[in-house]
Amino acid sequence: MAATKKDRVQPVAIHTEFIRLDALLKLSGFAETGGQAKEMVLEGAVSVNGETELRRGRKLYPGDWAGIDDYRIEVVQGAVS
């Protein structure tokens, strides 16, 4: 069965006001280490809200999203159902 666009969206719940981009990449499983997250960002492989982002410390708030290839990591407040 082929993956659908919905399968490529991963919500990540936070319980704080914001999350840094490098922490989001680790929490979502797209990066195993902070160094790997930093490398992904500096290579221009990550976008935030549709714009290429080169700052690993960029703050993302609920409603923001990060993109990697065809995948989308959505930041949500509280628990994910």
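That block above? That's the structure.
Residues numbered from 1 in each chain as written. Predicted model: local features only at pLDDT ≥ 70, side-chain atom pairs only at ≥ 80, totals over all residues. Heavy atoms only, no water.

Okay, the pattern of salt bridges next. Tallying each qualifying case throughout the model produces 6 salt bridges. Of the charged contacts, one joins R55 and E53 as a salt bridge, the two residues approaching to 2.7 Å between their closest N and O atoms. On the basis of relative accessibility, which here comes to 6%, the residue E53 falls in the buried class. (Salt bridge = Lys/Arg side-chain N within 4 Å of Asp/Glu carboxyl O. Buried < 20%, exposed > 50% of the residue type's maximum accessible area, 1.4 Å probe, protein only.)

The next subject is the packing of helix 1 (residues 21–28) against helix 2 (residues 34–42). Put simply, helix 1 and helix 2 touch, their axes get as near as 9 Å, and they point 115° apart. Two packed elements cross with a definite hand, and for helix 1 against helix 2 that hand is right-handed. Between helix 1 and helix 2, the contacting residues are L21, D22, L25 and K26 on the first element and G34, A37 and V41 on the second. Its residues assigned to classes, the contact of helix 1 with helix 2 shows 4 nonpolar, 1 polar and 2 charged. (Axes fitted to C-alpha atoms, helices over the stretch in contact; angles between N-to-C directions. Helix = DSSP H or I, 4+ residues; strand = E, 2+ residues; numbered from the N terminus. Left-handed = near helix turned anticlockwise from the far one by under 90°. Contact = heavy atoms within 4.5 Å. Nonpolar A, V, L, I, M, F, W, Y, C, P; charged D, E, K, R; others polar.)

So, on to the environment of E74. Considering the arrangement of structural elements, one finds E74 in strand 7 (residues 71–77). On the basis of relative accessibility, which here comes to 27%, the residue E74 falls in the partly exposed class. Through-space distance from the C-alpha of E74 to that of Q10 is 6.1 Å; in sequence the pair is 64 residues apart. When near neighbours in sequence (up to four residues on either side) are disregarded, E74 contacts V9, Q10, P11, V12, D64 and W65. Engagement of the side chain of E74 in a polar contact is seen with the side chain of R72, the distance being 3.2 Å. (Polar contact = N/O pair within 3.5 Å; in protein donor to acceptor, adjacent residues only side chain to side chain.)

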